[in-house]
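The residues making up each chain are set out below.
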Amino acid sequence: MGMNKKRIVVTVIGKDEVGIVAKVATVLAENKINIIDINQKILGDEIFAMTLLADRMDSTLSLAQITDRLKESIKSMSLKVTVQDSEVFQYMHRV
Amino acid sequence: MEFSNEEILETVGMIADDKLDIRTVTLGISLLDCSDPDPAACARKVREKILTKGEKLSQKADFVSDEYGLPIVNKRISLTPISQVVPVADPAAFVEVAAAVDKAAAEIGVDFVGGYTAMIQKGETAIDSALLEAMPEVLTSTRRFCASVVLASTRSGINMDGCYTMSKIMKDAAERTAAYDGIACAKLVLFANPVEDNPFMAGAYYGAGESESSILVGVSGPGAVRRALEKLGPDADLGEVAEAIKKSAFKITRAGELVGKKIARQLGVSFGNLDLSLAPTPAAGDSVGQILETMGLAMPGAPGSTAALMMLNDAVKKGGLFASSSVGGLSGAFIPVSEDASMIEAAKVGAITLEKLEAMTSVCSVGLDMIAIPGATSTETLAAIIADEMAIGCANGKTTAVRIIPAPGKDVGDFVHFGGLLGEAPVMAVSQVSAAVFVKRGGRIPAPLQSLKN
């Protein structure tokens, strides 16, 4: 569990458009957040769904600040973004 | 990835669509070191203790909420029963200390504080009597301080004099807030066999066996449970339904466990316990009644409601107990009328009655909760309703409670509006058959037998 301490899960869901992954990845890179794993799908015809695991060990931002910057970067698109400490998923989905 | 897409999206959906949230983070604070025969000194000590222990509660709760993306709806305080803190039999002393509690709560940004509490299951001390005398005034002059009175227990029976006294106090408090449909009574809970580590208002108090200060968490996700049952479809048998409820309760409880431990660590206090109760709010989808509907009842109150509720209550516990080693509090489904959209609808069309609600409380937590009755209901009838609910708790060795609002000037068919999380409710019919002679006998109903139970 100690290893997970600085890991975050970013979820982006909404209307598909060109360049979503690029925008999200740019914000993370600019803030020294390292992507560990990424999973992206188009559900049905146009619903974009991305889940991404990242390490924020070297970042000075709080989760609220990371969320704000991600929201800012995709504000022209119809997307919802959430950022959560990965411990939530560890607790809820692993016994 | 460590987690599958489905797992992550399930959690995100539970929070965003199904309203999974941490219903309350309640900081329990012992006031045992604040007792003082001088009311002004007592009030000052109590105020300082609340401010010292609670000043960071809101800030830390918000921080943890942001970290995990889990909304924390309420931040609250529960206190040592005030009857054990104010050592003088003077109603004015209780009014003074209560005002200090209310003010301190406002300063640290909590909306409710529990602990204006007396335990009179076997009788009143002079201090209890003073506390009760001041109660109607305290309930109306403070905004945040909630009251609870223990009237019965499995080991001591039912204090019928206490039931009658409380019935009069409820009518008085309702009259004093007649302009707001008697809302003062929404802050008063009467108990049989209460728990000492309940995080939920209005019945929370911080018992004598608790530590100096600890975090008590109430987690809630009726919407998430309903969604899990919807996915099963109408053909799944009841064993499968119970299984789905357990799995869903497990996940909800884990979220609460994580948040509770983290906040306790941040505040430097112990993690007291997690309360598994399914608590509804008036918001669409956040309803225990709707779970019963998804299980296959046309409306809550239909025949079968008691059986369905027993299963729901039991499955939530079985799922939750595996998810946390700190389960405590009330830990059962709540069925308040005014705070649950589906219950409000059922009450409106007469699908659910006071008598059916009473039956349902024998298999769930907590009791006759947030029910509006005609303001003209006699004190004797109200006392008898209270005694009936106490009897269910007493005989079954469980917590039961009464939070009824005798709405002044309102009659069956009228509506009362409390606003916010307290919601709204139609005034429900009360039996017109008298119990006055029985109630006026007074005295105590002896403790029920604990063997030969059939």
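About the thresholds
Residues numbered from 1 in each chain as written. Chains lettered and ligands numbered in written order. Predicted model: local features only at pLDDT ≥ 70, side-chain atom pairs only at ≥ 80, totals over all residues. Heavy atoms only, no water. Helix = DSSP H or I, 4+ residues; strand = E, 2+ residues; numbered from the N terminus. Rg over C-alpha atoms; globule rule 2.2 N^0.38 Å. Buried < 20%, exposed > 50% of the residue type's maximum accessible area, 1.4 Å probe, protein only. Contact = heavy atoms within 4.5 Å. Areas by Shrake-Rupley, 256 points an atom, 1.4 Å probe, with all protein chains shown as cover. Lys, Arg positive; Asp, Glu negative; His and termini not counted. Charge placed at Lys NZ, Arg CZ, Asp CG, Glu CD. Patch = residues over 30% accessible without salt bridge, like charges linked within 9 Å, V, L, I, M, F, W, Y side chains within 5 Å. Salt bridge = Lys/Arg side-chain N within 4 Å of Asp/Glu carboxyl O. Expected span 1.5 Å × (residues − 1). Polar contact = N/O pair within 3.5 Å; in protein donor to acceptor, adjacent residues only side chain to side chain. Axes fitted to C-alpha atoms, helices over the stretch in contact; angles between N-to-C directions. Parallel < 35°, antiparallel > 145°, perpendicular 65-115°, else oblique. Nonpolar A, V, L, I, M, F, W, Y, C, P; charged D, E, K, R; others polar.

## Regarding the overall build of chain B
Then, in step 1: Of regular secondary structure, chain B possesses 14 helices and 14 strands.
Then, in step 2: Scaling as 2.2 N^0.38, a compact globule of 454 residues should have a C-alpha radius of gyration of about 22 Å, and chain B matches this with 21 Å.
Then, in step 3: Taken along the three principal axes of its C-alpha coordinates, chain B extends 65 × 50 × 50 Å.
Then, in step 4: When each of the 454 residues of chain B is scored for burial, the buried share is 62%.
Then, in step 5: At a minimum sequence separation of 6, the contacts of chain B that also span at least 24 residues come to 79%.
Then, in step 6: For chain B, the exposed area adds up to about 16100 Å²; of that, 53% sits on carbon and sulfur atoms.
Then, in step 7: In chain B, the 41 positive side-chain charges and the 54 negative ones have mean positions that sit 3 Å from each other.

## Concerning a nonpolar patch on the surface
Residues and elements named next belong to chain A.
Then, in step 1: A surface patch of nonpolar side chains, amounting to about 210 Å² of accessible area, comprises Ile13, Leu43 and Ile47.
Then, in step 2: Positionally, leucine 43 belongs in strand β2 (residues 34-43).
Then, in step 3: Residue leucine 43 is classed as partly exposed on the basis of its relative accessible area of 38%.

## Thoughts on helix α4 (residues 91-107) of chain B
Residues and elements named next belong to chain B.
Then, in step 1: Here α4 contains 17 residues, and its C-alpha end-to-end distance of 25 Å stays within 8% of the 24 Å for a straight helix at 1.5 Å per residue.
Then, in step 2: Those residues of α4 that sit buried are Ala93, Phe94, Val95, Val97, Ala98, Ala100, Val101, Asp102, Ala104 and Ala105.
Then, in step 3: Packing partners of the buried residues in α4 comprise α2 (39-54), β2 (72-79), β3 (113-119), α5 (126-141) and β4 (145-153).
Then, in step 4: One side-chain oxygen at the N-terminal end of α4 lies 3.1 Å from the backbone nitrogen of alanine 92; it belongs to aspartate 90.
Then, in step 5: Following α4 by one or two positions, glycine 109 adopts a phi angle in the positive range, close to 75°.

## Overview of the packing of helix α7 (residues 222-232) of chain B against helix α9 (residues 288-295) of chain B
Residues and elements named next belong to chain B.
Then, in step 1: Running from N to C, α7 and α9 cross one another at 10°; their axes reach a closest spacing of 9 Å. Compared by their axis directions, α7 and α9 come out roughly parallel. Of the residues in α9, those in contact with Pro222, Val225, Arg226, Leu229 and Glu230 of α7 are Val288, Gln290, Ile291, Thr294 and Met295.
Then, in step 2: The class makeup of the residues in the contact of α7 with α9 is six nonpolar, two polar and two charged.

## A closer look at the pattern of salt bridges
Then, in step 1: Taken as a whole, this structure holds 28 salt bridges over all chains when the rule is applied.
Then, in step 2: Its salt-bridge partner being B:Glu7, residue A:Arg94 comes within 2.9 Å of it at the nearest N-O pair. Highlighted residues: A:Arg94 in the segment after α3 (87-93) and B:Glu7 in helix α1 (residues 5-16), drawn from two different chains.
Then, in step 3: Under the relative-accessibility criterion, A:Arg94 is labelled partly exposed at 29%.
Then, in step 4: Residue class for B:Glu7 comes out buried when judged on its relative accessible area of 18%.
Then, in step 5: We note a salt bridge from B:Arg403 to B:Glu339, for which the minimum N-O separation is 3.5 Å. With B:Arg403 in strand β11 (residues 400-407) and B:Glu339 in the loop between β9 (327-328) and α11 (341-348), the pair connects residues that are 64 residues apart, well separated along the chain. Of the two residues, B:Arg403 and B:Glu339, both sit in the buried class.

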